[in-house]
Amino acid sequence: MSTEAEFRHEVRQFLESLPALLAGTDDPLKRARLYLGARFDAGLGALDYPTEHGGRDLPRDLVMAYRQESSGRAPAEAGFGIGISMCLPTIRDHGSNELKERFLRPGLRGDEIWCQLYSEPGAGSDLAGLATRAARDGDEWIINGQKVWTSGAAEADMGILLARTDSSVPKHRGISMLVLPMDQPGVEVRPLRQMTGVSHFNEVFIEDARIPTSWVVGTEGDGWRLAVTLLAYERSSLGAGGGRQPISTGRLIDLARERSVNMDPVVRQDLARLHSQALIVGWLNQRSGIHPSVTKLWRSRQGRLASSIACRLAFPGGAAWDEGAEGEGWAYGVLDSPAHSLGGGTDEIQRNTLGERVLGLPREPAVDRDIPFSEVRRN
Ligand SMILES: Cc1cc2nc3c(=O)[nH]c(=O)nc-3n(C[C@H](O)[C@H](O)[C@H](O)COP(=O)(O)OP(=O)(O)OC[C@H]3O[C@@H](n4cnc5c(N)ncnc54)[C@H](O)[C@@H]3O)c2cc1C
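The present account deals with the structure reproduced in this document. (Residues numbered from 1 in each chain as written. Predicted model: local features only at pLDDT ≥ 70, side-chain atom pairs only at ≥ 80, totals over all residues. Heavy atoms only, no water.)

1. Quick look at the overall build of the chain
Per the secondary structure count, the chain includes 12 helices and eight strands. Here the C-alpha atoms of the chain give a radius of gyration of 22 Å, agreeing with the 21 Å that 2.2 N^0.38 yields for 379 residues. The buried share of the chain, taken over its 379 residues, is 45%. Taking the intrachain contacts of the chain between residues at least 6 apart in sequence as the baseline, contacts between residues at least 24 apart amount to 72%. For the chain, the separation between the mean place of its 44 positive charges and that of its 50 negative charges on side chains is 5 Å. (Helix = DSSP H or I, 4+ residues; strand = E, 2+ residues; numbered from the N terminus. Rg over C-alpha atoms; globule rule 2.2 N^0.38 Å. Buried < 20%, exposed > 50% of the residue type's maximum accessible area, 1.4 Å probe, protein only. Contact = heavy atoms within 4.5 Å. Lys, Arg positive; Asp, Glu negative; His and termini not counted. Charge placed at Lys NZ, Arg CZ, Asp CG, Glu CD.)

2. Looking at the site of the ligand
The environment of the ligand is formed by 18 residues, the closest being Ser 119, Ser 125, Trp 149, Thr 346 and Glu 348. For the ligand, whose unbound accessible area comes to 970 Å², protein coverage reaches 68%. For the shell around the ligand, the secondary-structure elements that each account for two or more residues are strand 3 (140-151) and helix 12 (347-358). A class-by-class count of the residues in the shell around the ligand yields six nonpolar, nine polar and three charged. (Near = heavy atom within 4 Å. Areas by Shrake-Rupley, 256 points an atom, 1.4 Å probe, with all protein chains shown as cover. Nonpolar A, V, L, I, M, F, W, Y, C, P; charged D, E, K, R; others polar.)

3. With respect to the pattern of salt bridges
In total, this model carries 22 salt bridges according to the counting rule given. Put simply, Arg 92 and Asp 48 hold a salt bridge, and the shortest N to O gap is 3.5 Å. Here the residue Arg 92 occupies a position in helix 5 (residues 81-94), and Asp 48 occupies one in the loop between helix 3 (28-41) and helix 4 (60-70), the gap between them amounting to 44 residues. For Arg 92, a relative accessible area of 13% puts it in the buried group. The class for Asp 48 is partly exposed, based on a relative accessible area of 38%. Of the charged contacts, one joins Arg 190 and Glu 188 as a salt bridge, the two residues approaching to 2.9 Å between their closest N and O atoms. Residue classification places Arg 190 among the partly exposed residues on the basis of a relative accessible area of 37%. Counted as one network, the salt bridges with shared partners bring together Glu 4, Arg 8, Arg 12 and Glu 69. (Salt bridge = Lys/Arg side-chain N within 4 Å of Asp/Glu carboxyl O.)

4. Describing the nonpolar core
Soluble globular proteins tend to bury their nonpolar side chains together. Judged by nonpolar contacts, the single largest core of 67 residues is most densely connected at Ile 143, Ile 160 and Leu 180. The leading source of residues in this core is helix 5, at six residues. The two domains that each donate at least three residues to this core are domain 1 (4-108) and domain 2 (114-222). Residues contacting Ile 160, with those up to four places away along its chain left out, are Cys 87, Ile 91, Trp 114, Cys 115, Gln 116, Leu 117, Tyr 118, Met 177, Leu 178, Val 179, Val 217 and Leu 230. (Core = buried A, V, L, I, M, F, W, Y, C linked by side-chain atoms within 4.5 Å. Domains from an automatic or database assignment.)

5. A look at a nonpolar patch on the surface
On the surface, Val 358, Leu 359 and Leu 361 cluster together into a nonpolar patch covering about 300 Å² of accessible area. Checked against the element boundaries, Val 358 lands in helix 12. (Patch = residues over 30% accessible without salt bridge, like charges linked within 9 Å, V, L, I, M, F, W, Y side chains within 5 Å.)

6. Some details on the pairing of strand 3
The pairing of strand 2 (residues 133-137) with strand 3 spans five bridges and is antiparallel. Within strand 3, the position partnered with Arg 133 by the bridge is Asn 144. What sits between the antiparallel neighbours strand 2 and strand 3 is a turn of two residues, in which Gly 138 has the positive phi angle 65°. Pairing geometry for strand 3 and strand 7 (residues 201-212), over 10 bridges, is antiparallel. When the sheet's bridge partners are listed, Lys 147 is paired in strand 7 with Val 204. (Pairing = 2+ DSSP bridges.)

7. Comments concerning the packing of helix 8 (residues 249-258) against helix 10 (residues 292-314)
With their axes 10 Å apart at the nearest point, helix 8 and helix 10 run at an angle of 10° to one another. Put simply, helix 8 runs roughly parallel to helix 10. Facing helix 8, whose interface residues are Leu 252, Leu 255 and Ala 256, helix 10 presents Ala 306, Ile 309, Ala 310 and Leu 313. Within the contact of helix 8 with helix 10, the residues separate by chemical class into seven nonpolar, no polar and no charged. (Axes fitted to C-alpha atoms, helices over the stretch in contact; angles between N-to-C directions. Parallel < 35°, antiparallel > 145°, perpendicular 65-115°, else oblique.)

8. Some points on the environment of His 291
Within the secondary structure, His 291 is located in the loop between helix 9 (265-286) and helix 10. Among the residues examined, His 291 registers a relative accessible area of 24% and is labelled partly exposed. Between the C-alpha atom of His 291 and that of Asp 27, which follows or precedes it by 264 residues, the distance is 35 Å. The residues touching His 291, leaving out its near neighbours within four places in the chain, are Thr 353, Leu 354 and Val 358. At 3.1 Å, the side chain of His 291 and the backbone nitrogen of Ser 293 are in polar contact. (Polar contact = N/O pair within 3.5 Å; in protein donor to acceptor, adjacent residues only side chain to side chain.)

9. A word on the environment of Arg 173
Positionally, Arg 173 belongs in the loop between strand 4 (158-164) and strand 5 (175-181). Between the C-alpha atoms of Arg 173 and Arg 378, which are 205 residues apart in sequence, the distance is 18 Å.

10. Some remarks on the state of the cysteines
For the structure on display, the rule yields zero disulfides. Looking at the unpaired Cys 115, the closest cysteine sulfur is the one in Cys 87, lying at 7.6 Å. (Disulfide = S-S within 2.5 Å.)

Rendered as structure tokens:
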């Protein structure tokens with residue numbers, strides 16, 4: 001195994017090759033695809049994956065070293081983040097050999113895009129109340145139901161799907177995790193326009209869609225445990241700075257200068273608080289064993305604070321901001337900021353999780369936890 005210094009040298013050499021590779025490609029998805037393909041082929045795309053699946057089996061500190069070296073020098077993973085940070089690690093840890101063989105390499109190379117088919121109109125925070133059904137028919141599962149808020153579904157090749165395979169048992173026990181090929185007649189994706197003006201997430205209507213019976217992740221009926229595993233990957237990735245980005249402190253300092261308020265003590269205090277929060281998020285991510293809800297909460301706090309500072313700095317002119325290009329305009333950053341507290345589970349749910357699982361507080365009362373799902377009263 002290489003030493004950390006040797007590994008960092010290898011990473012830097014790879015990163016130096018990127019500007020030439022990406023020259024002339026502006027589309028974020030195409031840039032991400034080029035980068036991921038080159039990264040995988042250079043042996044840097046599966047650092048903490050077993051060697052038999054094209055990985056390097058490297059320890060956490062070297063994975064962190066890659067993250068540090070590549071920060072600001074590699075393109076964002078764009079639409080590939082859900083696969084790379086959430087679905088593929090879950091398949092790596094719990095999938096059958098067939099699933100690992102079929103999905104890990106193309107997903108990590110950026111050949112296939114994934115989406116996460118969890119939330120439904122009647123099941124968001126109460127995810128275990130989901131009603132999409134999977135029924136066996138010979139050597140296939142037949143899927144019927146509706147998902148919503150599915151980020152990236154319009155571009156996705158594969159979806160990690162939670163579906164109910166047994167309604168005769170309590171709600172947490174009758175769920176299975178399956179892999180749904182999105183490009184088939186029974187899957188209809190309808191984009192939802194968000195208040196930022198873009199359509200990142202979608203409704204997904206599923207009618208008699210088909211999945212091979214062996215494409216269950218883990219075992220039938222064990223989907224809730226795997227759903228929680230994947231959510232932990234999602235929250236760690238969001239907490240570590242994956243997904244949407246808060247308005248940066250640097251941009252806000254420029255805005256304060258532009259408005260000639262950069263010497264105002266209250267403004268300086270706000271900016272210092274934001275800077276401190278960014279440092280705290282970075283430090284939390286260097287610690288191992290920290291509960292992912294902690295970093296996710298800090299990150300969403302940082303996103304909301306940045307947005308509120310931007311609004312105060314611009315007052316009263318902020319109302320005249322136009323939407324701006326995605327990720328660039330001030331209005332985009334402000335309107336996108338509530339999403340930090342919602343995607344991957346709301347702030348309230350993170351606090352409930354920390355209360356119950358970390359602090360050992362009593363569980364929330366629930367009337368439907370122990371009765372068969374088929375007997376639960378629903379709207
Ligand atoms: C940007 C973005 C991207 C998303 N991407 C995806 C995706 O790719 N795939 C996917 O499956 N889903 C996705 N979601 C959905 C997201 O997971 C849900 O919006 C979230 O879990 C909340 O569910 P809900 O919207 O149904 O709200 P609800 O569950 O109806 O909650 C409404 C309010 O009640 C509060 N609340 C609910 N229950 C409790 C409780 N027990 N204790 C205290 N407060 C409670 C919530 O905190 C919230 O404030 C995305 C959402 C956003 C905003």
